[in-house]
Amino acid sequence: VVHVKVNGSVKDVVAHLQKMVASNGMMVMGELNQGKVLAMTGLTVDSESLFVGNPNVGKELFSANPGVGVVVPVRINVYADKQGQTMVSYVPPSELLATFNNPKVEKVAKMLDGKLHMMVEALAK
């Protein structure tokens, strides 16, 4: 799992990340606010996940193996750690998609790795 310290609140980083996703040819396909869900249990956390992808990239992956739906769209988690530092984390798609043993899937996964790395590193500056 990649963990990167970033500047700003969870809310601000999520908003910035949403814009970055759009400007990099991807889209937010889903959102999960773990903080709201876990508040029902009495736990207070500041954590949100975005599920990001691109329908054309998804078409390539799903054409190669429909089982990739367990990995894509890619999940990016933004959260405040115990010290209050905002963090962004994700599992590189190539690590998860390698299990499909398909060169086409692996090629696309490496491209996704690069996009995620670039976006998250930009958030850290």
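Notes on the structure follow. As the structure is a prediction and not an experimental result, all values here were calculated from the model.

### Side note on the sheet that holds strand β1 (residues 2–5)
If you trace the five strands from one edge of the open sheet to the other, you get β1-β5-β4-β3-β2, paired in antiparallel fashion. The two strands at the open ends of the sheet, each matched to only one other strand, are β1 and β2 (27–33). Pairs of neighbouring strands in the sheet enclose a mean axial angle of 20°, with direction left out of account. Sheet topology note: the β2/strand β3 (residues 47–53) ladder contains six bridges and is antiparallel. Pairing of Leu32 across the sheet is with Ser49, part of β3. Against the sheet, helix α1 (residues 10–23) makes contact with β2, β3, β4 (74–80) and β5 (86–90), and its axis sits at roughly 155° relative to β4, the strand it touches most. Running at roughly 175° to β5, helix α5 (residues 103–123) makes contact with β1, β3, β4 and β5 of the sheet.

### Concerning helix α3 (residues 55–64)
Val57, Gly58 and Leu61 are the residues of α3 that are buried. The arc that holds the buried residues of α3, viewed along the axis, is 100°, so those residues lie on one side. Of the residues in α3, the exposed ones pointing more than 90 degrees away from the buried face are Asn56, Lys59 and Ser63. Contact partners of the buried residues in α3: α5. Taking the backbone nitrogen of Asn56 as reference, a side-chain oxygen 2.7 Å away marks Asn54 as the first, capping residue of α3.

### Focus on the side chain of Thr86
Looking at the element boundaries, Thr86 is found in strand β5. A relative accessible area of 5% places Thr86 in the buried class.

### What to know about the nonpolar core
Core analysis: the biggest nonpolar cluster contains 31 residues, and Val52, Leu61, Val72, Val88, Leu97 and Leu112 have the highest contact counts within it. Among the secondary structure elements, those contributing two or more residues to this core are α1, β3, α3, β4, β5 and α5. If we ignore the near neighbours within four places in the chain, the residues touching Val52 are Val21, Met26, Met27, Val28, Pro73, Val74, Ile76 and Leu116.

The rules behind the values
- Residues numbered from 1 in each chain as written.
- Predicted model: local features only at pLDDT ≥ 70, side-chain atom pairs only at ≥ 80, totals over all residues.
- Heavy atoms only, no water.
- Pairing = 2+ DSSP bridges.
- Helix = DSSP H or I, 4+ residues; strand = E, 2+ residues; numbered from the N terminus.
- Axes fitted to C-alpha atoms, helices over the stretch in contact; angles between N-to-C directions.
- Contact = heavy atoms within 4.5 Å.
- Buried < 20%, exposed > 50% of the residue type's maximum accessible area, 1.4 Å probe, protein only.
- Arc of directions from axis to C-beta.
- Polar contact = N/O pair within 3.5 Å; in protein donor to acceptor, adjacent residues only side chain to side chain.
- Core = buried A, V, L, I, M, F, W, Y, C linked by side-chain atoms within 4.5 Å.

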